[in-house]
Amino acid sequence: MSDPATPPRSLAEALRARDDTSLAVLLRSRPDLITPVPTDLTQLATRAGTRASVVRALERLDRFALQTAEALAVAADPATYDELLALMAGDEGDPAVTGALPHALGTLREQALVWGADDRLRLVRTARELLAPSPQHPSPTGLGPTAQEATSGMSPGRIQEIVRTAGLPSTHDAVSAVSSLSALFGDRPRMTALLADAPEESREVLSRLVWGPPYGQVTADPAPRLRWLLDRGLLLPTTPGTVVLPREVALHLRAGHAHRATEPLPPPVEPAATHRPQIVDATAAGQAYTALATVEELLKDWDEGGPAVLRAGGLSVRDLKRTAVALDVSEPIAAFWVELAYAAGLLASDGEADERYAATPAHDEWLEQPVAERWTLLAQTWLTATRTAGLIGGRDAKDRTLSALGPGLDRSAAPEVRHRVLTLLAGLPQGASPSAESVLARLRWERPLRGPQREDDLRSRLAQWTLNEAELLGVTGRGALSGHGRALLGAPLPGHAPEEPVGPGDKLPVHHRRTPAPEPLSPAEQSVASAAAARILAPLLPEPLDHVLLQADLTAVAPGPLRRPLAAMLDVLADVESKGGATVYRFTPASVRRALDAGRSASDLHAFLAEHARTPVPQPLAYLIDDVARKHGHLRVGAASAYVRCDDDAALNEILADKRAAGLRLRRLAPTVLAAQADPAALLEGLRAMGFAPAAESAEGDVLITRADAHRTPPRTAPEPVPDGPPTPDATLLTAAIRAIRAGDLASTTPRKPSAAAPEMTGGELPRTTSAETLATMQAAVLTGETLWIGYVNAEGAASQRVIAPVRVEGGFVTAYDHTADEVRTYPLHRITGVAELADDQV
């Protein structure tokens with residue numbers, strides 16, 4: 001084991017010196033490190049230094065922490081804290097940077113990107129390779145190579161010429177010459193004096209290169225302004241025709257700053273407007289009700305089987321347009337509702353040969369839930385879904401159009417961005433709505449792009465879509481987070497959330513503090529949060545009504561939402577004419593006949609209207625129902641191919657004489673029966689178009705009651721979100737993983753006594769002894785109480801090292817206290833590869 005007083009010589013040793021809490025922070029922030037669980041701390045350190053893991057960790061740093069890592073990449077290796085502070089704060093010493101740097105450096109240490117004490121800070125090698133400047137990959141700082149790196153291929157004679165021209169004494173070798181030149185470039189007073197003698201044109205050249213890129217082109221015969229710089233090493237040749245500004249010179253010209261703009265503080269999320277919380281909640285509740293009504297309308301429109309599924313999967317552009325017209329919304333908004341219903345498991349493809357979209361059985365269960373609980377299902381689904389409706393209409397990597405309900409719409413970052421945007425809104429005062437620009441700026445600071453910043457990057461687009469979709473769904477009202485939206489998020493009221501200061505002891509304004517991103521809610525916590533959101537939302541939603549207002553022009557007005565039985569019956573008995581705060585229904589002969597076909601009688605319809613109308617039933621409506629009912633079923637249509645039966649032969653004569661019946665190819669079989677060569681459905685439709693009111697009958701002669709066929713898919717599960725890398729481990733998994741890593745590290749690092757069987761055995765190898773030696777050593781350890789080190793291969797063939805204290809050896813098994821597992825275990829002797837005694841000071 002390493003001595004805590006000795007500085008660590010590697011990342012593995014630095015991790016070994018950490019306590020369990022610190023290791024838990026590392027594994028929680030970088031969950032890929034325990035997928036699978038490393039065998040020991042050396043393997044953990046190796047995995048933490050792999051390129052994929054380091055890239056992922058760098059991409060999750062905020063801008064200032066990333067700038068700190070970039071500064072370490074251009075600093076000496078190792079660097080001191082003061083050297084890092086000078087690069088970040090510059091010669092003038094920015095107090096904001098000084099206060100924020102300990103926190104940023106702590107973040108890098110926590111994530112094992114930096115290790116070592118403040119006097120020997122080391123950036124992990126892979127991160128240095130990614131962030132250090134090179135001709136192929138310019139540094140984000142805009143700095144070039146050091147003078148030593150730039151002169152590595154230069155002749156010693158040329159180096160001595162540069163030293164003498166710069167006013168330095170000649171040296172005996174090129175190494176000391178380059179060292180004296182570097183010392184000159186790092187000496188502020190001497191560099192100021194040297195540049196004071198430079199021609200104005202030469203200083204202008206330096207000003208163009210100082211913030212990067214540091215490379216420039218020169219001809220074989222440089223101009224005098226370039227020659228002056230080249231002779232003094234202020235520009236150094238790299239390849240023929242290319243020169244570079246040495247890093248030390250650039251830092252002098254920048255007054256010590258590694259970055260042109262250091263951003264230690266997160267940009268504030270600025271409130272654009274403030275509303276009364278009651279208005280925000282009422283507006284959001286209205287949007288929530290509209291959202292539910294829209295999803296219901298969508299699924300009702302697809303109740304008898306929706307659009308066909310494209311061969312490549314998804315919804316065609318034409319079907320999306322039709323859906324948008326039916327919902328009276330734009331196509332992008334229609335795509336959002338379709339995707340949300342799909343993600344919630346309310347619609348899916350039916351899996352038939354002629355595959356179509358339709359509602360699922362879960363939709364019927366959803367309709368039976370209270371209104372507020374139906375909304376929380378949609379909102380919770382939206383929060384966690386990775387399918388992203390905003391991408392619809394764009395192009396994928398193969399230049400194919402992305403379609404609604406089609407493949408290629410999953411973006412694993414979507415849930416995290418939605419959660420973060422709403423968390424930022426939750427940090428504002430109640431009723432405050434932020435400007436979109438300030439939200440986007442904050443997100444770019446928290447997760448900056450490594451490379452050129454783009455306004456259309458995916459996270460920015462996801463954030464913009466989140467703001468729009470939250471308003472559509474009723475999570476926000478007038479741009480501010482609603483009370484039920486806050487409850488759904490599990491966020492406390494403003495002023496009750498713990499704020500994380502940027503630097504130790506700093507007292508920053510509220511809008512500059514970092515709003516800590518809360519841990520994702522567990523399923524149990526999410527269930528509690530959803531129930532709380534439903535309780536808050538329920539009183540804000542309009543109470544369903546059990547009545548309508550009938551009018552003399554054959555219309556009915558529903559002044560608000562209707563209870564489900566009433567709404568379902570009105571959908572059959574009348575046609576929706578207009579929607580809004582009040583819904584207008586219109587009664588027509590076709591709609592009344594639809595109700596009669598569904599098995600209702602005229603007396604049933606009269607009783608229904610009398611029960612649910614707050615006004616007397618108008619005479620025109622009563623006459624309409626009686627007139628349609630009198631004609632309904634006078635003609636009977638059945639299957640021969642098809643026939644028409646009627647007791648009144650004059651009615652049949654009228655049909656035969658009508659020219660519109662020619663297409664039905666009717667002929668008389670009996671005075672009261674006509675046969676047709678059309679199928680029953682076409683015959684029914686044709687006769688109704690002629691003004692008759694026929695009824696279908698069964699083979700037994702009974703009237704068939706026809707109801708709208710509710711086509712349902714087989715039971716379908718909602719699509720699973722695509723994870724953004726390994727999930728964040730919970731406390732139980734972290735505890736078990738750390739315990740396993742510590743145990744494996746104990747087995748691999750504990751010193752062993754040399755033996756004749758393995759005189760030069762190292763900690764990385766399994767001990768190898770014969771069966772007889774293993775048995776004898778075990779039996780002796782039972783008598784003496786010694787602790788042993790064994791190699792063990794389990795039933796799956798996985799090898800491991802363990803430290804055990806044998807208690808009993810019998811029947812081919814050894815029972816021992818396993819220090820690595822901290823419990824008593826029994827091991828088959830034939831699976832133990834070998835055994836070794838521990839060194840005396842480790843027993």
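That block above? That's the structure.
Overview of the structure.

**Points about the overall build of the protein**
In step 1: Counting its secondary structure elements, the protein contains 33 helices and 25 strands.
In step 2: Taken across its 843 residues, the protein has 47% of its residues classed as buried.
In step 3: Considering only residue pairs separated by 6 or more positions, the protein has 66% of its internal contacts joining residues 24 or more positions apart.
In step 4: As displayed, the protein has an accessible area near 40,300 Å², and 54% of this comes from carbon and sulfur atoms.

**Regarding the side chain of His 363**
In step 1: By the secondary structure assignment, His 363 is in helix H19 (residues 361–367).
In step 2: Judged by relative accessible area, His 363 falls into the buried class, the value being 4%.

**With respect to the nonpolar core**
In step 1: Within the largest apolar cluster, 92 residues are counted, with the highest numbers of intra-cluster contacts made by Leu 234 and Leu 235.
In step 2: Top element by residues in this core is helix H5 (residues 63–73). It accounts for seven residues.
In step 3: Judged by nonpolar contacts, the second largest core, of 70 residues, contains Ala 335, Leu 346, Ala 359 and Leu 424.

**Quick word on the pattern of salt bridges**
Any two side chains of opposite charge can pair, so long as their charged atoms come close to each other.
In step 1: The full count for this structure, using the stated rule, is 36 salt bridges.
In step 2: Between Arg 227 and Asp 231 there is a salt bridge whose closest N-O contact spans 3.6 Å. With Arg 227 and Asp 231 both in helix H14 (residues 224–231) and four residues apart, this pair spans about one turn of that helix.
In step 3: Here Arg 227 falls in the partly exposed class, since its relative accessible area comes to 33%.
In step 4: Through salt bridges with shared partners, one network takes in Arg 158, Glu 161, Arg 227 and Asp 231.

**Considering the sheet that holds strand E24 (residues 823–828)**
In step 1: Pairing in this open sheet of five strands is antiparallel, and the strands run E24-E23-E22-E21-E25 from one edge to the other. Where the open sheet ends on each side, the last strands, each with one partner, are E24 and strand E25 (832–837). Going across the sheet, the axis of each strand differs from the next one's by a mean of 45°, ignoring polarity.

**Some details on the environment of Pro 267**
In step 1: Along the chain, the position of Pro 267 falls in the loop between helix H15 (247–253) and strand E6 (271–274).
In step 2: The exposure class of Pro 267 is partly exposed, given its relative accessible area of 21%.
In step 3: Each C-alpha atom, one on Pro 267 and one on Leu 440, is 9.8 Å from the other, the two residues being 173 residues apart in sequence.
In step 4: If we ignore the near neighbours within four places in the chain, the residues touching Pro 267 are Ala 441, Arg 442 and Trp 445.

**Side note on H5**
In step 1: Burial runs high along H5: eleven of the eleven residues are buried.
In step 2: Residues of H5 that are buried include every one of Arg 63, Phe 64, Ala 65, Leu 66, Gln 67, Thr 68, Ala 69, Glu 70, Ala 71, Leu 72 and Ala 73, and no others.
In step 3: Sitting at the head of H5, Asp 62 places a side-chain oxygen 3.1 Å from the backbone nitrogen of Phe 64.

Quick notes on the rules
Residues numbered from 1 in each chain as written. Predicted model: local features only at pLDDT ≥ 70, side-chain atom pairs only at ≥ 80, totals over all residues. Heavy atoms only, no water. Helix = DSSP H or I, 4+ residues; strand = E, 2+ residues; numbered from the N terminus. Buried < 20%, exposed > 50% of the residue type's maximum accessible area, 1.4 Å probe, protein only. Contact = heavy atoms within 4.5 Å. Areas by Shrake-Rupley, 256 points an atom, 1.4 Å probe, with all protein chains shown as cover. Core = buried A, V, L, I, M, F, W, Y, C linked by side-chain atoms within 4.5 Å. Salt bridge = Lys/Arg side-chain N within 4 Å of Asp/Glu carboxyl O. Pairing = 2+ DSSP bridges. Axes fitted to C-alpha atoms, helices over the stretch in contact; angles between N-to-C directions. Polar contact = N/O pair within 3.5 Å; in protein donor to acceptor, adjacent residues only side chain to side chain.

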